[in-house]
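Analysis of the macromolecular model
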Amino acid sequence: MLYIVPTPIGNLQDITLRALEVLKSADVILCEDTRRTQILLSHFALAKPTIRYNENEDRSVRRCVEILVSGKTAALVSDCGTPCISDPGWKLVKEALAAGVKISSLPGPSAVACALAGAGITGGAFSFLGFLPRKPGKAAKLIAQAYGLNVPVVLYESPYRVLKMLELISKTLGEDTPVVIARELSKVYEEWLRGRVSELIQVLSARPKVQGEFVLIIDRPAVKNQEEEDDPNPCF
Ligand code: SAM
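First, a word on scope: everything that follows refers to the structure included in this document. (Residues numbered from 1 in each chain as written. Predicted model: local features only at pLDDT ≥ 70, side-chain atom pairs only at ≥ 80, totals over all residues. Heavy atoms only, no water.)

**As for the packing of helix α6 (residues 136–147) against helix α7 (residues 162–173)**
Put simply, α6 and α7 touch, their axes get as near as 10 Å, and they point 60° apart. When the axes of α6 and α7 are compared, the pair comes out oblique. At the point where α6 passes α7, the crossing takes the right-handed sense. Facing α6, whose interface residues are Pro 136, Ala 139, Ala 140, Ile 143, Ala 144 and Tyr 147, α7 presents Met 165, Leu 168, Ile 169, Thr 172 and Leu 173. (Axes fitted to C-alpha atoms, helices over the stretch in contact; angles between N-to-C directions. Helix = DSSP H or I, 4+ residues; strand = E, 2+ residues; numbered from the N terminus. Parallel < 35°, antiparallel > 145°, perpendicular 65-115°, else oblique. Left-handed = near helix turned anticlockwise from the far one by under 90°. Contact = heavy atoms within 4.5 Å.)

**A word on the pattern of salt bridges**
Scanning all chains against the criterion turns up nine salt bridges. For Asp 176, the salt bridge identified is with Arg 196, shortest N-O distance 2.7 Å. With Asp 176 in the loop between α7 and β8 (178–183) and Arg 196 in strand β9 (residues 191–196), the pair connects residues that are 20 residues apart, well separated along the chain. Taking relative accessible area as the criterion, Asp 176 reaches 47% and is therefore assigned partly exposed. In this structure, Lys 187 and Glu 184 form a salt bridge, with 3.2 Å as the shortest nitrogen-oxygen distance. When its relative accessible area of 26% is taken as the criterion, Lys 187 is described as partly exposed. For Glu 184, a relative accessible area of 15% translates into the label buried. Connected through salt bridges with shared partners, the residues Asp 176, Arg 196 and Glu 199 form a single ionic network. (Salt bridge = Lys/Arg side-chain N within 4 Å of Asp/Glu carboxyl O. Buried < 20%, exposed > 50% of the residue type's maximum accessible area, 1.4 Å probe, protein only.)

**A closer look at the site of the ligand**
The environment of the ligand is made up of 19 residues, and the closest members are Ile 85, Asp 87, Ser 110, Tyr 156 and Phe 214. One of the backbone nitrogen or oxygen atoms of Cys 80 is found 3.3 Å away from a nitrogen atom of the ligand. At a separation of 2.8 Å, a nitrogen atom of the ligand approaches a polar backbone atom of Ile 85. Relative to its free-state accessible area of 570 Å², the ligand is covered by the protein chains to the extent of 92%. Those elements giving two or more residues to the shell around the ligand turn out to be β7 (153–157) and β10 (214–218). A domain split of the shell around the ligand shows at least three residues from each of domain 1 (2–105) and domain 2 (111–218). (Near = heavy atom within 4 Å. Polar contact = N/O pair within 3.5 Å; in protein donor to acceptor, adjacent residues only side chain to side chain. Areas by Shrake-Rupley, 256 points an atom, 1.4 Å probe, with all protein chains shown as cover. Domains from an automatic or database assignment.)

This is the structure:
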C-alpha cells in the first residue's frame, strides 16, 4: 500500500492528523530528501525508517516499487506540500499502480491551493503550470496558451527568477495584466501583493533582496460587462 502524504509548506502546525497517523503506522517513509523529512519526524517525535526516493534514477524507483510489492506499507513525502505537484512522486505512483499496488492520496497542504484560495479572484477554475521552462520563448508560449483558456494561470517561481518571470508576463500579456503574488505562505513573513504586473515589478525591484517562496497568479482584467465574458467556471 502506498500513501501519498502532503506535509506543511512553511508551518509545521499545518500537518493533518491523518498524515501523522499514516506516518506513524507506515513501515517505511519514502522521501525526496531524508534529512528534510527527519526534521519533520523529529518535531512530531516519530521514529521511522526512511529511504530516499530519487525520481531521476530508475534504480531508486524500482527499489521503492519492490518494497511496495513485497507487501510493505509506505508513505511518500516530498520536502514540502503535496508529492507529485511540481515535486517527485508521479513515476512511483504510475509504476506502483502498474505493479498492482493500492494507492491512497491524502489531502493536505499545497502552495497552489493555498495561494488560489487567498487570491480573491473570480471563478473556481484555473490553469496550473508549476515551474515554467527556463527558455523565455517556451515559457512565454505556455503562458499565452494557458491565459487563452480564459482562466487564471498559476505559476511557481524561485526568488532568484521571480522578477524575470514578471517581466516575461508583462512582455507576453501586457503591463496592465493583473497579478497576485503570494509569498512565504503560512510562514511568519507571509505576504500578498496584488496589482498590475508593471506595479509589482516596481515593488519587488525596489527591495534590496528578493527572498522567500513565491506563487504567481495571473488574473484576468476586470470585466466591464459580465455577459461579454464567457463564464470560466459554470459550476459557480
Ligand atoms: N509540492 C509542493 C506543493 O504542493 O505546493 C510544491 C513544491 S515546489 C518544489 C516548491 C515551490 O512551491 C516553491 O518554489 C514555490 O513556488 C511554491 N511554494 C512552496 N511553499 C511555498 C510557500 N510557503 N509560499 C509560497 N510558495 C510556496
